[in-house]
Amino acid sequence: MYILVGPPPPPEGVKVSSTTPTTITLQWNKPSLHTFVDEFKVEWRLPIRMWSSKVVDRTSISATIDGLTPNTRYEVRVASVNTEAVSTSQILNAITLHEPPSSPPTSVSAKWIQEQERVQLKWNAVQSSVDGSVQGYLVQTSNLNHTTTETMILLTLQRGTLQTLRVLAFNSGGNGPSEEIQYLVPPVRSPVEDFTLMKLSSSSFGVTWSPPADVADLAGYNVTILGTAPNDYWETSIDSSVNSACFDVPTFSSDYRVSLRSIYTDNSYVSTDKEIISLKKVDNSVENKENCIKVTFLESDTTPSPTEEGLSVPIIVAVIVVIALLVVLSGVVGAIFVFWRCRRQKNQHDLESNSSTSNK
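Quick notes on the rules
- Residues numbered from 1 in each chain as written.
- Predicted model: local features only at pLDDT ≥ 70, side-chain atom pairs only at ≥ 80, totals over all residues.
- Heavy atoms only, no water.
- Helix = DSSP H or I, 4+ residues; strand = E, 2+ residues; numbered from the N terminus.
- Buried < 20%, exposed > 50% of the residue type's maximum accessible area, 1.4 Å probe, protein only.
- Contact = heavy atoms within 4.5 Å.
- Areas by Shrake-Rupley, 256 points an atom, 1.4 Å probe, with all protein chains shown as cover.
- Core = buried A, V, L, I, M, F, W, Y, C linked by side-chain atoms within 4.5 Å.
- Salt bridge = Lys/Arg side-chain N within 4 Å of Asp/Glu carboxyl O.
- Phe/Tyr/Trp six-rings, centres within 6.5 Å; stacked < 30°, edge-to-face > 60°.
- Pairing = 2+ DSSP bridges.
- Axes fitted to C-alpha atoms, helices over the stretch in contact; angles between N-to-C directions.

S.K.: Honestly, the overall build of the protein in this entry has me stumped. Any pointers?
M.R.: A tally of helices and strands in the protein yields 1 helix and 23 strands. A total of 360 residues make up the protein; the buried ones form 33% of that total. In the protein, of all internal contacts separated by at least 6 residues, the share reaching a separation of at least 24 is 60%. Carbon and sulfur atoms make up 53% of the accessible area of the protein, which amounts to about 21800 Å² in all.

S.K.: What am I meant to see in the nonpolar core here?
M.R.: Nonpolar side chains in soluble globular proteins tend to be buried together. One finds Phe195, Val207, Trp209 and Phe247 to be the most contacted residues of the largest nonpolar core, which totals 19 residues. Every element with two or more residues in this core is listed here: strand 15 (193-201), strand 16 (204-210), strand 17 (218-227), strand 18 (233-239), strand 19 (244-248) and strand 20 (256-264).

S.K.: What should I look at first to understand the pattern of salt bridges in this one?
M.R.: Note on pairing: side chains with opposite charge can pair once their charged atoms come close. Inspection of the entire model under this criterion finds 7 salt bridges. Glu43 serves as the salt-bridge partner of Lys41, at 3.6 Å between the closest nitrogen and oxygen. Two residues, Arg45 and Glu75, come together in a salt bridge whose shortest N-O distance is 2.8 Å. One end of the pair, Arg45, is in strand 3 (residues 39-45); the other, Glu75, is in strand 6 (residues 73-81), and 30 residues separate them in sequence. Pair check on accessibility: Arg45 and Glu75 agree, each one buried. Members of the salt-bridge network, linked through shared partners, are Arg189, Asp214, Asp217 and Asp266.

S.K.: When you look at the packing of aromatic side chains in this model, what are you seeing that I'm missing?
M.R.: Evaluated as defined, the whole model comprises 3 aromatic pairs. Look at Trp28 and Phe40: their rings are 5.4 Å apart centre to centre, the planes differ by 55 degrees, and that puts the pair in the tilted class. Of this pair, Trp28 sits in strand 2 (residues 24-29) while Phe40 sits in strand 3, and the two are 12 residues apart along the sequence. Considered together, Trp28 and Phe40 belong to a single accessibility category, that of buried residues.

S.K.: Looking at this structure, how should I read the sheet that holds strand 7 (residues 92-95)?
M.R.: Paired through backbone hydrogen bonds, the strands of a sheet run either parallel or antiparallel to each other. Ordered by their spatial adjacency, 4 strands build an open sheet running 4-3-6-7, and the pairing between neighbours is antiparallel. In this open sheet, the two edge strands, each paired with only one partner strand, are strand 4 (52-57) and strand 7. Neighbouring strand axes in the sheet, compared pairwise and without regard to direction, differ in orientation by 30 degrees on average. In this sheet, strand 4 lies alongside strand 3 in antiparallel orientation, the contact comprising 6 bridges. Across the sheet, residue Phe40 finds its bridge partner in strand 4, namely Val56.

S.K.: Looking at this structure, how should I read the sheet that holds strand 10 (residues 136-140)?
M.R.: A sheet is described by the order of its strands in space; here 4 strands give the open sequence 11-10-13-14, paired in antiparallel fashion. Of all the strands in the sheet, just strand 11 (145-148) and strand 14 (174-184) have a single pairing partner and so form its edges. Strand after strand, the sheet turns through a mean of 20 degrees between neighbouring axes, direction not considered. Bridging between strand 10 and strand 11 involves 4 bridges; their strand directions are antiparallel. Within strand 11, the residue paired with Leu138 across the bridge is Thr147.

S.K.: What am I meant to see in unusual backbone geometry here?
M.R.: Peptide bonds are mostly trans, and most non-glycine residues show a negative phi. One non-glycine residue, Glu117, lies in positive phi territory at about 50 degrees. When its relative accessible area of 47% is taken as the criterion, Glu117 is described as partly exposed. A positive phi angle is found at Asn267, which is not glycine, with a value near 75 degrees. Relative to the helices and strands, Asn267 is located in the loop between strand 20 and strand 21 (269-276). Owing to a relative accessible area of 37%, Asn267 belongs among the partly exposed residues under this scheme.

Now the structure itself:
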């Protein structure tokens with residue numbers, strides 16, 4: 001028979017097993033002499049504050065502390081208790097989790113980016129609260145999950161499929177509510193057929209084509225003309241009902257690349273390119289040349305020329321020549337001024353000398 005003198009043995013292996021935004025759960029093992037334990041006392045507090053406590057029966061090996069503040073550090077401990085005394089206990093630190101975000105992202109929208117052949121998904125940020133800061137966003141598609149800290153992501157999705165796109169904010173406390181949209185990924189588009197160029201005069205040419213196969217979604221056409229010289233770049237839009245046009249250009253001083261782009265209502269497009277190389281023969285079979293569509297030159301501040309890489313060489317040379325002339329001119333003016341000043345000082349000196357001689 002054992003007789004215990006003093007406090008009971010403390011619980012063994014005390015640890016924090018889990019946390020939530022408002023709870024901390026502790027686990028322990030019974031002490032070897034557990035028969036001298038009547039109950040266990042679980043205590044917690046904010047650092048340098050008074051202890052709060054609860055008791056559990058002697059058979060317990062875990063306890064949950066609830067009613068806590070999210071994202072807050074607490075000190076916790078567990079002690080053995082009997083009618084005589086309370087055991088020693090080790091203080092542990094535990095931090096409650098954040099509250100999950102309380103609201104979903106808003107203004108979720110999807111847009112096809114043809115240049116990258118991917119879908120751009122955008123949304124407004126979820127505002128963080130004191131207890132529910134946002135650590136990132138989870139984007140769920142029909143078969144994949146993506147995480148990001150931004151409010152935009154580019155997704156590679158199968159062309160021509162209807163996708164359910166879902167976005168939600170998350171943090172250490174879990175996932176917040178989600179917002180979802182349905183988006184039809186544009187199918188692979190067909191280019192126009194029978195795209196033909198013909199020279200009409202020394203400063204104009206015509207284009208003809210047959211509409212693409214998927215004409216039902218066609219919004220219109222875009223024609224760009226790109227030359228080899230700086231600033232040789234023109235662009236215009238054409239209605240979807242048109243399948244031929246002619247264009248005036250300032251000069252055929254260089255070869256041109258003509259691109260006809262079929263643009264669709266879902267922001268997708270497909271281009272067909274042709275090059276005018278040494279088209280010297282005028283095609284007189286084309287009628288109504290006076291009805292040519294005038295191609296408007298695009299200003300560099302709105303749509304930079306693809307071939308433009310700064311000032312042209314002649315402009316740079318002209319600027320250098322002007323600067324050199326200004327330097328030379330300033331030198332000449334300076335020399336004249338120095339000569340005039342020296343001459344003036346000499347005349348003044350001679351005048352003073354003559355005056356001094358007369359006085360004597």
